[in-house]
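Residue strings, one per chain:
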Amino acid sequence: MKKFLAAIKEFFRKIIVALKRRPHIIPMIMLGISFLYYSLNLMHVSDTTAKIQGAGMGLCGFVTMLFSLLSFVCFLNAFPHRKKVNIPMLVLMFLMLGAIIFCDVFYMNAVTRALTRPDNPIVINKSTVYIGLAYNMLNDHIIMLGVSIALVALLPVYGKLLKKIKTSIEVEDNGKLDTIDISGED
């Protein structure tokens, strides 16, 4: 049991060390999760677009998917390994994330207009439950993107806080370090 706990402690120490070296991994993971969440629920968005057929709904779905992928690529280029932050790529990533949020809000408003229009409103029932699922998914996606933006913006702050965490290992000596000759003379 003691070895198991030591192994778990060492595992988490290694994770902290990796995060200290590259703290931008945290927002990258969140950005990847939000992209994956949207991608895996794209069927609901497509079915909703086909049912409502509102102006610009298909374009918003396409822009959201395209900019999600491109913003991830911009993020990877904004934080190159062992180099300074690439500011133009970072600005481009923020612009794309803003466009994604705009498209999600536009899509949600199109769904709301279709559900509340006075003539022939769409009713959510068993056969159209995907409309509500798509609406809720887009709301969650906006929240995830907001968290991703906050994590990128606050990267310098928590990067410094991560560096203050002590991750060094105490090495015990047996008291004979003075007797070791390291001068190289015979």
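Before going into details, it helps to say that this report is about the structure given with it. Everything numeric in this text was worked out from a predicted model, so none of it was measured.

### Comments concerning the overall build of the protein chain
- Along its length, the protein chain carries 7 helices and 0 strands.
- Reading the secondary structure of the protein chain in the N-to-C direction produces α-α-α-α-α-α-α.
- Computed over its C-alpha atoms, the radius of gyration of the protein chain comes to 25 Å, more than 25% above the 16 Å expected for a compact globule of 186 residues.
- Along the three orthogonal principal directions, the C-alpha set of the protein chain runs to about 95 × 45 × 25 Å.
- The 186 residues of the protein chain split such that 31% are buried.
- Here the contacts in the protein chain between residues at least 6 apart in sequence split such that 78% fall between residues at least 24 apart.
- Put simply, the protein chain shows about 12,600 Å² of open surface, and 67% of that area lies on carbon and sulfur atoms.

### Notes on the packing of helix α2 (residues 25-40) against helix α4 (residues 57-78)
- Look at α2 against α4: their axes get within 10 Å of each other, and the N-to-C directions meet at 160°. With respect to each other, α2 and α4 are oriented roughly antiparallel. The two elements α2 and α4 cross, and the hand of that crossing is left-handed. Across the interface between the two elements, P27, M28, L31, G32, F35, Y38 and S39 of α2 pack against G61, T64, M65, S68, L69, S71, F72, F75 and L76 of α4.

### Examining the side chain of D104
- Mapped onto the elements, D104 comes out in helix α5 (residues 87-116).
- Summary of buried charges: D104 has no salt-bridge partner, and the nearest side chain of opposite charge, R113, is 13 Å away.
- Only 2.6 Å separates the side chain of D104 from the side chain of H141, close enough to count as a polar contact.
- Beyond its immediate stretch of four places on either side in the chain, D104 contacts Y38, T64, L138, H141, I142 and L145.

### Side note on α2
- Its 16 residues give α2 an end-to-end C-alpha distance of 22 Å, which sits within 8% of 22 Å, the value for a rise of 1.5 Å per residue.
- Residues of α2 that are buried: P27, M30, L31, S34 and Y38. The buried side chains of α2 occupy one side of the element, clustering within an arc of 100° when seen end-on.
- The secondary structure elements touched by the buried residues of α2 are α3 (42-52), α4, α5, α6 (129-153) and α7 (155-163).

Here is what the cut-offs are and how they apply
Residues numbered from 1 in each chain as written. Predicted model: local features only at pLDDT ≥ 70, side-chain atom pairs only at ≥ 80, totals over all residues. Heavy atoms only, no water. Helix = DSSP H or I, 4+ residues; strand = E, 2+ residues; numbered from the N terminus. Rg over C-alpha atoms; globule rule 2.2 N^0.38 Å. Buried < 20%, exposed > 50% of the residue type's maximum accessible area, 1.4 Å probe, protein only. Contact = heavy atoms within 4.5 Å. Areas by Shrake-Rupley, 256 points an atom, 1.4 Å probe, with all protein chains shown as cover. Axes fitted to C-alpha atoms, helices over the stretch in contact; angles between N-to-C directions. Parallel < 35°, antiparallel > 145°, perpendicular 65-115°, else oblique. Left-handed = near helix turned anticlockwise from the far one by under 90°. Lys, Arg positive; Asp, Glu negative; His and termini not counted. Salt bridge = Lys/Arg side-chain N within 4 Å of Asp/Glu carboxyl O. Polar contact = N/O pair within 3.5 Å; in protein donor to acceptor, adjacent residues only side chain to side chain. Expected span 1.5 Å × (residues − 1). Arc of directions from axis to C-beta.

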